[in-house]
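Structural description and commentary
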Amino acid sequence: MSDARRQRPVSPCVRICRVTPDGGGCEGCGRTLGEIAAWAHLDEEAREAVWQRLEAEGWSLGDADPA
């Protein structure tokens, strides 16, 4: 497991839950609404793909409880 994965919180949620004006995702964490809805059921590989996308897009991620 990489250092980045070990240091990550359980969820990207930062408790700033607002839908973007275009309805495409969350202004707080950057996840799509589908990613948020599915998060609890995603396997580790799928969650890693979301984390990688968010990090590549420059989102400051997760220091709150899981969502």
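Basis of the calculations
- Residues numbered from 1 in each chain as written.
- Predicted model: local features only at pLDDT ≥ 70, side-chain atom pairs only at ≥ 80, totals over all residues.
- Heavy atoms only, no water.
- Phe/Tyr/Trp six-rings, centres within 6.5 Å; stacked < 30°, edge-to-face > 60°.
- Helix = DSSP H or I, 4+ residues; strand = E, 2+ residues; numbered from the N terminus.
- Buried < 20%, exposed > 50% of the residue type's maximum accessible area, 1.4 Å probe, protein only.
- Lys NZ or Arg CZ within 6 Å of the ring centre and 35° of its normal.
- pLDDT = per-residue confidence, 0-100.
- Salt bridge = Lys/Arg side-chain N within 4 Å of Asp/Glu carboxyl O.

**Considerations on the packing of aromatic side chains**
Considering all chains together, one arrives at one aromatic pair under this definition. Judged by centre distance (6.1 Å) and plane angle (75 degrees), the ring pair of Trp39 and Trp51 falls under edge-to-face. Here the residue Trp39 occupies a position in the loop between α2 (33-38) and α3 (44-56), and Trp51 occupies one in helix α3, the gap between them amounting to twelve residues. Judged by relative accessible area, which is 1%, Trp39 ranks as buried. In this structure, Arg31 is placed above the aromatic ring of Trp39, and the distance from its NZ or CZ to the ring centre is 5.2 Å.

**Brief notes about the confidence of the model for the chain**
Looking at the chain, pLDDT values average 87 and 82% of them are 70 or higher. Confidence, read as mean pLDDT per element, is least for helix α1 (residues 3-7) in the chain (64) and greatest for α2 (97).

**Section: the pattern of salt bridges**
One pass over the full model with this rule turns up five salt bridges. A salt bridge links Glu35 to Arg53, with the shortest nitrogen-to-oxygen separation between them at 2.6 Å. Placement of the pair is Glu35 in helix α2 and Arg53 in helix α3, with a sequence separation of 18 residues. Judged by relative accessible area, which is 16%, Glu35 ranks as buried. Overlapping salt bridges, with partners in common, bring together Arg8, Glu48 and Glu55 in one network.

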